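Topology and contacts: notes
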Amino acid sequence: MASQFERYTLENAAPAPHNAPGSHGNLSLQYAVGIVAALLLCASMSAAGADSTGRKLFKWVDEQGVTHYGDRIPPEYAAQERHVINQRGVEVERLDAQKTAEQVAAEEQKANAAEESRRRDVNLLSTYASVQEIERLRDQRLGLLSDQIKVTTQFLENLTGRLAKLRANSMQYKPYSDDPKARQMPDQLAEDLARVASDMRTQEENLRQKRSDEAKLTTQFASDISRFKELKVAH
């Protein structure tokens, strides 16, 4: 390092003429300026991880675990983590490894989740003034769902009763009757049986969906109330 200082000083510090007034003072001043300039230059190169020619020095590890140093990284190692070092071997910068498609997707998902959470917080604070307002809305929406569940349940009970009557009536016809003289089931009865059974399956699925919505709504409002309280404390 000292040789770099001396070389830079000799090249940049031009001595004053010996017969000039104050030549000894000018020479000392110019020499000191040259030293300072050299120190600044070397410090700058060291901080940037560059050698005396301005080239960056890199450190990387191969697949055998062997550490290598050089001003160029081989292409096969360019995508992995590598380090920039100064002339003293001190790391001054770390270059992350190239991310895989899975890592990129995970980071995007994390960022999207954070943005969604931020929007939710903004919406909570801008929509509600108190926990009581959230609770009132919760009770209203849960009340509507509860009414729908009651109506669907009652409708299912009616369909169940009707299907039972239709099945009882069908027992006197073929193929359900054991009587060899039994008549073939009328088409209208067969159609009614199929239609009522289909309606029951539809309403049973509706009932399952409404009960699922009720559970999700209860959980969502509980989460909103908890988060709203946290935000109010923070603000």
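Above this text sits the structure in question.
Report follows, based on the coordinates. Note that this is a predicted model, so its numbers are computed, not measured. (Residues numbered from 1 in each chain as written. Predicted model: local features only at pLDDT ≥ 70, side-chain atom pairs only at ≥ 80, totals over all residues. Heavy atoms only, no water.)

**Overview of the pattern of salt bridges**
Taken as a whole, this structure holds nine salt bridges when the rule is applied. Arg 118 is the partner of Glu 115 in a salt bridge, and the nearest nitrogen-oxygen pair spans 2.7 Å. You can see Glu 115 and its partner Arg 118 sitting in helix H3 (residues 101-127), three residues apart, about one turn around the helix. Accessibility expressed as a relative area gives 44% for Arg 118, which makes it partly exposed. (Salt bridge = Lys/Arg side-chain N within 4 Å of Asp/Glu carboxyl O. Helix = DSSP H or I, 4+ residues; strand = E, 2+ residues; numbered from the N terminus. Buried < 20%, exposed > 50% of the residue type's maximum accessible area, 1.4 Å probe, protein only.)

**Describing the side chain of Ser 177**
Tracing the backbone through its elements, the reader meets Ser 177 in the loop between strand S5 (173-174) and strand S6 (183-184). For Ser 177, the residues in contact, after removing those within four places along its chain, are Met 171, Gln 172 and Ala 182. (Contact = heavy atoms within 4.5 Å.)

**Description of helix H4 (residues 131-170)**
An ideal rise of 1.5 Å per residue puts 58 Å on 40 residues; H4 measures up with 58 Å between its terminal C-alpha atoms. Restricting attention to buried positions, one finds in H4 the residues Val 131, Ile 134, Leu 142, Leu 145, Ile 149, Thr 152, Leu 156, Leu 159, Leu 163, Leu 166 and Ser 170. Residues of H4 that are buried in the fold lie against S5 and helix H5 (187-234). (Expected span 1.5 Å × (residues − 1).)

**Quick notes on the sheet that holds strand S3 (residues 82-85)**
On the basis of which strands lie adjacent, the open sheet formed by four strands has the order S2-S1-S3-S4 and antiparallel pairing. In this open sheet, the two edge strands, each paired with only one partner strand, are strand S2 (67-70) and strand S4 (91-95). In this sheet, neighbouring strand axes are inclined to one another by 25 degrees on average, regardless of whether the strands run parallel or antiparallel. Judged from the four bridges that link them, S3 and S4 form a sheet pairing that is antiparallel. The residue of S4 that forms the bridge with Val 84 is Glu 93. (Pairing = 2+ DSSP bridges. Axes fitted to C-alpha atoms, helices over the stretch in contact; angles between N-to-C directions.)

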